Amino acid sequence: MSDAYKKAYEREKISRQSAEILLDEKTREVQANIDMIQQQFNDLRQQKKESDYLLSVARLSQNDLGLASIIKQYLLSTIGFLEAKVGRYTYLKDSVLVIGKALGVIGDLPKFSDAFYKTLYQQENRSTLKLSDIGCEEVNLVMDPLDIDRVAFIPIKCFGKTSTVCEIFLPKNTKFNAEMLEQCLVAGYQIGGMVEKSLNSKKLEMSYQEIKASNETIKKTQNQLVQSEKMASLGQLAAGVAHEINNPIGFVMSNVGTLKEYSEVLEGYVKLANSLSESIDSEDARALKEIDDDEDVAVMVNDIKSIVSDCSDGLKRVKDIVANLKSFARSDEEKNEPFNLNECIEKTLKVVWNELKYNVTLNRHFDNKIALVKGHEGQVGQVIMNMLVNAGQAMESPGEITLSTSQKNEWVILSIRDTGKGISKEVMDKIFDPFFTTKEVNEGTGLGLSISYGIIEKHGGNIQVNSKESEGTEFIITLPQSV
Ligand SMILES: Nc1ncnc2c1ncn2[C@@H]1O[C@H](COP(=O)(O)OP(=O)(O)OP(=O)(O)O)[C@@H](O)[C@H]1O
Ligand SMILES: [Mg+2]
């Protein structure tokens, strides 16, 4: 090898060595960068896991879940977050410990000792405990094959007290650190807030229901008061009118009776006078015959008879109405006595028919075998009257009212169906409210149905309504039969 070549070779060797050193250095730098990026990536992944976990817990408050579901969901999220195999929660119900079902790879898990739970619920700060330190053989036996050696206890505090503790069972190889436990505790704190909120809204709901119930009672009492007041004043009015009409009717009836007797005598007398005037030829007989020819006295007497009979019929009807008014007036003092609903309807119709007859055709489908109803006949009559008047007022043109009675088990049922204008959905919600009316100021007080409702309820029955606008309405009154 020539000297020149040797020198060149040496130079080449030195520069190659320094290039190799440089390459080594660069490789180490790149490796360090890769390690750093890998570390950052792992950190980011962990951060994402944490924020996913916290987000899933925070979302629980947005759904309308019950208490048990909130805690169960929290437990499942925490088991996932800590990569645990199994978990469960325990809680205090009226100071008694309740052990929840285990969630995860096993469903059945023995409990720790009562003494352990006692300290667990009293202790303020808790973290992870080794199973061997807790020293519960039954639990250890289950956990050993699963390679689980630690439990994280996460308390959920409600109104300042630990109300629930979640137990998360961790396997030996779990990548678990204090920071993660801290996240679980923060989430547990949030859950406590949700539980408090849910309990508060439950309490709120309960007091709302209580207020609603007492409002209903007040409304019912108000209805009854209004009803008895209206009954009392209507009763007084009816009694007064009945009394006033009764006297004149009495003497007019007695006079009409006398007139009837007189007209019969008069008829015989006229017949006899006529035949006498035919058979006798005298001045007076001719004058008598002349009067009869001019005025047709026999026909006149006949007319008098039928007029008197018509008056007598009319008076009888007036007398019936007065009698019904009187029985209606007495309804307040009435005792609870069995009565026949069909008869009660007939009596009511007599009072109210006058108001309806011009516009209404009445259909009766009465079941004659219905049992007697126990209660105040006058009051039930008042209900029927209210409904008949309402039905009549709902007719804008002539229409029909169909009254049907029937028996179903121990109940007697009356349906009052009309072909009136019907009731809209908005109005339907209010028809039983006292003072609700769709009628003109002087036409309706809006008390009819609220009073009716109170009366039927007092009788142990109920009222149902079916209606279709511009087709008609049906009120169904159900009353208990008398035993
Ligand atoms: N058969 C019916 N058809 C259509 N609407 C009815 C019928 N019955 C009741 N209503 C509706 O229910 C409302 C309340 O009836 P309710 O009998 O309580 O009072 P009112 O008839 O208006 O007045 P009041 O009975 O005191 O004279 C009525 O104003 C009416 O709008
Ligand atoms: Mg009415």
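Residues numbered from 1 in each chain as written. Chains lettered and ligands numbered in written order. Predicted model: local features only at pLDDT ≥ 70, side-chain atom pairs only at ≥ 80, totals over all residues. Heavy atoms only, no water.

Side note on the overall build of the protein chain
Turning to step 1, where the next piece is worked out: In terms of helices and strands, the protein chain carries 12 helices and 13 strands.
Turning to step 2, where the next piece is worked out: The C-alpha atoms of the protein chain give a radius of gyration of 49 Å, which is well past the 23 Å a tight globule of 483 residues would have.
Turning to step 3, where the next piece is worked out: With the principal axes as the frame, the protein chain shows a C-alpha extent of 200 × 65 × 40 Å.
Turning to step 4, where the next piece is worked out: When each of the 483 residues of the protein chain is scored for burial, the buried share is 35%.
Turning to step 5, where the next piece is worked out: Within the protein chain, contacts between residues at least 6 apart in sequence are counted, and of these 69% link residues at least 24 apart.
Turning to step 6, where the next piece is worked out: Counting only carbon and sulfur atoms, one obtains 54% of the accessible surface of the protein chain, whose full area is about 30200 Å².
Turning to step 7, where the next piece is worked out: Between the centroid of the 57 positive side chains of the protein chain and the centroid of its 71 negative side chains there is a distance of 13 Å. (Helix = DSSP H or I, 4+ residues; strand = E, 2+ residues; numbered from the N terminus. Rg over C-alpha atoms; globule rule 2.2 N^0.38 Å. Buried < 20%, exposed > 50% of the residue type's maximum accessible area, 1.4 Å probe, protein only. Contact = heavy atoms within 4.5 Å. Areas by Shrake-Rupley, 256 points an atom, 1.4 Å probe, with all protein chains shown as cover. Lys, Arg positive; Asp, Glu negative; His and termini not counted. Charge placed at Lys NZ, Arg CZ, Asp CG, Glu CD.)

Things to note about the domain arrangement of the protein chain
Turning to step 1, where the next piece is worked out: You can read the domains of the protein chain as domain 1 (60-176), domain 2 (222-333) and domain 3 (335-483).
Turning to step 2, where the next piece is worked out: Distance between the C-alpha centres of domain 1 and domain 2: 97 Å. (Domains from an automatic or database assignment.)

Points about the packing of aromatic side chains
Turning to step 1, where the next piece is worked out: Inspection of every chain in the model, using the stated rule, returns nine aromatic pairs.
Turning to step 2, where the next piece is worked out: Ring geometry for Phe-112 and Phe-169: centres 6.3 Å apart, planes at 20°, overall stacked. Highlighted residues: Phe-112 in the loop between strand 3 (103-104) and helix 3 (114-122) and Phe-169 in strand 6 (residues 161-171), separated in sequence by 57 residues.
Turning to step 3, where the next piece is worked out: Through a chain of ring-to-ring contacts, three or more aromatic side chains come together here, namely Phe-112, Phe-116, Tyr-117, Phe-153 and Phe-169.
Turning to step 4, where the next piece is worked out: Lying over the aromatic face of Phe-159, Lys-203 brings its terminal NZ or CZ to 5.7 Å of the ring centre. (Phe/Tyr/Trp six-rings, centres within 6.5 Å; stacked < 30°, edge-to-face > 60°. Lys NZ or Arg CZ within 6 Å of the ring centre and 35° of its normal.)

Concerning a nonpolar patch on the surface
Turning to step 1, where the next piece is worked out: The grouping of Leu-266, Tyr-269, Met-300 and Ile-304 at the surface amounts to a nonpolar patch, some 390 Å² of accessible area in total.
Turning to step 2, where the next piece is worked out: Among the secondary structure elements, those contributing two or more residues to the nonpolar patch are helix 6 (178-279) and helix 8 (297-329).
Turning to step 3, where the next piece is worked out: Residue position: Tyr-269 is located in helix 6. (Patch = residues over 30% accessible without salt bridge, like charges linked within 9 Å, V, L, I, M, F, W, Y side chains within 5 Å. Salt bridge = Lys/Arg side-chain N within 4 Å of Asp/Glu carboxyl O.)

Structural notes on the environment of Ser-254
Turning to step 1, where the next piece is worked out: With respect to the helices and strands, Ser-254 occurs in helix 6.
Turning to step 2, where the next piece is worked out: Classification of Ser-254 by relative accessible area gives partly exposed; the value is 44%.
Turning to step 3, where the next piece is worked out: When the C-alpha positions of Ser-254 and Ser-312 are compared, they lie 9.7 Å apart, and in sequence the two are 58 residues distant.

Some words on the site of ligand 1
Turning to step 1, where the next piece is worked out: As a structural note, the neighbourhood of ligand 1 is formed by 20 residues, with Thr-437, Thr-438, Lys-439, Thr-445 and Leu-449 the closest of them.
Turning to step 2, where the next piece is worked out: Here an oxygen atom of ligand 1 sits 3.3 Å away from a polar atom, N or O, in the main chain of Gly-448.
Turning to step 3, where the next piece is worked out: Out of a free accessible area of 600 Å², ligand 1 has 93% covered by protein chains.
Turning to step 4, where the next piece is worked out: Of all the elements in the fold, those that place two or more residues in the shell around ligand 1 are helix 10 (377-393), helix 12 (448-458) and strand 13 (472-480).
Turning to step 5, where the next piece is worked out: Tallied by class, the residues present in the shell around ligand 1 amount to eight nonpolar, nine polar and three charged. (Near = heavy atom within 4 Å. Polar contact = N/O pair within 3.5 Å; in protein donor to acceptor, adjacent residues only side chain to side chain. Nonpolar A, V, L, I, M, F, W, Y, C, P; charged D, E, K, R; others polar.)

Regarding helix 10
Turning to step 1, where the next piece is worked out: Taking 1.5 Å per residue as the helical rise, helix 10 with its 17 residues ought to reach 24 Å, and the 24 Å between its terminal C-alpha atoms agrees with that figure.
Turning to step 2, where the next piece is worked out: With 15 of 17 residues buried, helix 10 is to be regarded as a mostly interior element. (Expected span 1.5 Å × (residues − 1).)

Digging into the state of the cysteines
By definition, a disulfide links the sulfur atoms of two cysteines through a covalent bond.
Turning to step 1, where the next piece is worked out: Inspection of the entire model under this criterion finds zero disulfides.
Turning to step 2, where the next piece is worked out: The structure places no disulfide on Cys-166, whose sulfur is separated from the nearest cysteine sulfur, that of Cys-184, by 9.6 Å. (Disulfide = S-S within 2.5 Å.)

What to know about helix 9 (residues 341-356)
Turning to step 1, where the next piece is worked out: At Lys-350, helix 9 shows its maximal kink, close to 45°.
Turning to step 2, where the next piece is worked out: Burial in helix 9 covers these residues: Leu-341, Asn-342, Cys-344, Ile-345, Thr-348, Leu-349, Val-352 and Leu-356.
Turning to step 3, where the next piece is worked out: In this structure Asn-340 caps helix 9, since a side-chain oxygen of it lies 2.7 Å from the backbone nitrogen of Asn-342. (Bend = angle between axes of the 7 residues up to and from the residue.)

Some points on the sheet that holds strand 10 (residues 399-408)
Turning to step 1, where the next piece is worked out: If you trace the five strands from one edge of the open sheet to the other, you get 8-10-11-13-12, paired in mixed fashion. Of all strands in the sheet, those with a lone pairing partner are strand 8 (360-365) and strand 12 (462-468), marking the two edges. Here the average twist between neighbouring strands, direction ignored, is 15°.
Turning to step 2, where the next piece is worked out: Note: strand 11 (residues 411-418) against strand 13, eight bridges, orientation antiparallel. Residue pairing for strand 13: Val-412 is matched across the bridge by Leu-479. (Pairing = 2+ DSSP bridges. Axes fitted to C-alpha atoms, helices over the stretch in contact; angles between N-to-C directions.)

Considering the nonpolar core
Turning to step 1, where the next piece is worked out: In terms of nonpolar packing, the biggest core is built from 40 residues, with Leu-341, Ile-384, Leu-388, Ile-401, Leu-403, Ile-416 and Phe-475 touching the most fellow members.
Turning to step 2, where the next piece is worked out: Listed by contribution, the elements that provide at least two residues to this core are helix 9, strand 8, helix 10, strand 10, strand 11, helix 12, strand 12 and strand 13.
Turning to step 3, where the next piece is worked out: For this core, the element with the highest residue contribution is helix 10, accounting for eight residues.
Turning to step 4, where the next piece is worked out: In contact with Phe-475, other than residues within four places in its own chain, are Met-387, Leu-414, Ser-415, Ile-416, Ile-423, Ile-431, Phe-432, Leu-449, Ile-463, Gln-464 and Val-465.
Turning to step 5, where the next piece is worked out: Membership of the second largest hydrophobic core comes to 28 residues, among which are Phe-81, Tyr-89, Ala-187 and Ile-191. (Core = buried A, V, L, I, M, F, W, Y, C linked by side-chain atoms within 4.5 Å.)

As for a negative patch on the surface
Turning to step 1, where the next piece is worked out: Together, Glu-20, Asp-24, Glu-25 and Glu-29 line one region of the surface with negative charge.
Turning to step 2, where the next piece is worked out: Along the chain, Asp-24 falls in helix 1 (residues 3-59).

Digging into the packing of helix 1 against helix 2 (residues 67-81)
Turning to step 1, where the next piece is worked out: Viewed as axis vectors pointing N to C, helix 1 and helix 2 meet at an angle of 175°, and their least axial separation amounts to 10 Å. Relative to helix 2, helix 1 is oriented roughly antiparallel. On helix 2, the residues that touch Lys-49, Glu-50, Tyr-53, Ser-56 and Val-57 of helix 1 are Tyr-74, Ser-77, Thr-78 and Phe-81. (Parallel < 35°, antiparallel > 145°, perpendicular 65-115°, else oblique.)

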